[in-house]
Amino acid sequence: MLTSRLTSKYRDVPLPSDLASIHDVPPDFVVSYKSDGSPCSRHGDNRWIFSAYHSSSISIRFANDGSTDALEQSNAAAAKVVVLALLYIGHHPLGAGSLQTKLCRLREILKACNSSRTPISEFGNSKICQAELRKHIRPSSLGSTPLLMHELALLSEEIGFTLCPPALIPSFYPAGYSANQTLYIPNRIHSYVLNQCDAIVSLATTHIDLLKNSIRSQLYEAFNLAPPLGSQLATEDPSILPARLVGIFDSVYGTLDHRYPFLTYITAIRDAAMILLCAHSGMRISEAPPPPSAGLPHDTM
């Protein structure tokens, strides 16, 4: 069963129910709820509304009301699969604000496909449709449109078609525009990286005292300071501690061929902890900077 990834600060509003598959969904399946807990939108509806999960309106209309156009109905059905993929498939929570942005960009893509008489599954092969989208991309969506295309390209196997080939996606960034966001990575790579990060942090916390003393010994050596009397560092040779820590890591990951192995492992521990924090909290990397050292008690350093 697939579980909704949607998150909201309005925790009294029920989230979409579990789903067996994003394909062949029954028309009466509830995709969103109202603030009072009653069903809001069902799969068979022409418009899906998610406003109860956010402080502003969130919705997407898949086709014109009463439309019998075969292409428009086909694109609407494909777009519903795309929205369900965004809601149910992925490796991190989906905030209501992010959903709002994705639905806005998907509406623009859907509009470009319908106006150019292009099936949404053929968007990547239609220069006319691509030109139509570029013509209507607003400055506020310059970065989010290619990012949505990138995410959908990675979900192409689950969706059943590739909206836009990855090699074509950079062409939707205007000249001189720098995308200051991290692109999505495939789930298989994401899971592998998180497992490796978890192993690195777990190994460090298992030997946390040795890690702290190794860092302290390097600080004392760098600033030519003597360890405090009565401390563990005062009773043994501090210079051997970093090598001891490196030996523990080497026994797990193999001998590290690097000029400064201790510094490399310390950096790896920091980076692994940052990756885990961002992956499990939904923070951007800019929102999770290392805590400042100023003001911390000396014995925590």
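Scoring rules and cut-offs
- Residues numbered from 1 in each chain as written.
- Predicted model: local features only at pLDDT ≥ 70, side-chain atom pairs only at ≥ 80, totals over all residues.
- Heavy atoms only, no water.
- Helix = DSSP H or I, 4+ residues; strand = E, 2+ residues; numbered from the N terminus.
- Expected span 1.5 Å × (residues − 1).
- Buried < 20%, exposed > 50% of the residue type's maximum accessible area, 1.4 Å probe, protein only.
- Polar contact = N/O pair within 3.5 Å; in protein donor to acceptor, adjacent residues only side chain to side chain.
- Axes fitted to C-alpha atoms, helices over the stretch in contact; angles between N-to-C directions.
- Parallel < 35°, antiparallel > 145°, perpendicular 65-115°, else oblique.
- Left-handed = near helix turned anticlockwise from the far one by under 90°.
- Contact = heavy atoms within 4.5 Å.
- Nonpolar A, V, L, I, M, F, W, Y, C, P; charged D, E, K, R; others polar.
- Salt bridge = Lys/Arg side-chain N within 4 Å of Asp/Glu carboxyl O.

Chemist: Quick question: what am I supposed to make of helix α1 (residues 70-88) here?
Modeler: Each turn of an α-helix holds 3.6 residues, which means side chains three or four residues apart point in the same direction. Its 19 residues place the ends of α1 27 Å apart at the C-alpha level, agreeing with the 27 Å of an ideal helix rising 1.5 Å per residue. Burial of α1 is extensive: 15 of the 19 residues sit out of reach of the surface. In this structure D69 caps α1, since a side-chain oxygen of it lies 3.2 Å from the backbone nitrogen of L71. Two residues or fewer past α1, G90 is found with a positive phi of approximately 155°.

Chemist: I keep staring at the environment of D237 and nothing clicks. Help me out?
Modeler: You can see D237 is positioned in the loop between α7 (208-222) and α8 (240-253). Residues D237 and S217, 20 residues apart in the sequence, show an inter-C-alpha distance of 9.1 Å.

Chemist: Is there a simple way to think about the packing of α7 against α8 in this case?
Modeler: In helix packing, the relevant descriptors are the interaxial angle and the interaxial distance, both defined with respect to the helix axes. With their axes 8 Å apart at the nearest point, α7 and α8 run at an angle of 140° to one another. On the basis of the axis angle, α7 is oblique to α8. The two elements α7 and α8 meet at a crossing, and its hand is left-handed. Of the residues in α8, those touching α7 at L210, L211, N213, S214, S217 and Q218 are L241, P242, R244, L245 and I248. Within the contact of α7 with α8, the residues separate by chemical class into six nonpolar, four polar and one charged.

Chemist: Please explain the pattern of salt bridges as it appears in this structure.
Modeler: Between side chains of opposite charge, a pair can form as their charged atoms come close. Scanning the entire structure with this criterion turns up seven salt bridges. For R105, the salt bridge identified is with E108, shortest N-O distance 3.3 Å. Separated by three residues within a single helix, R105 and E108 lie in helix α2 (residues 96-115), roughly one turn from each other. Each member of the pair R105 and E108 is classed as buried. Connected through shared salt-bridge partners, R5, K102 and E151 make up one network.

Chemist: Where do I start with α2 in this structure?
Modeler: Given a rise of 1.5 Å per residue, 20 residues ought to cover 28 Å, and the 28 Å separating the end C-alpha atoms of α2 matches this to within 8%. The positive-phi residue at the C-terminal boundary of α2 is R117, with phi of around 55°.

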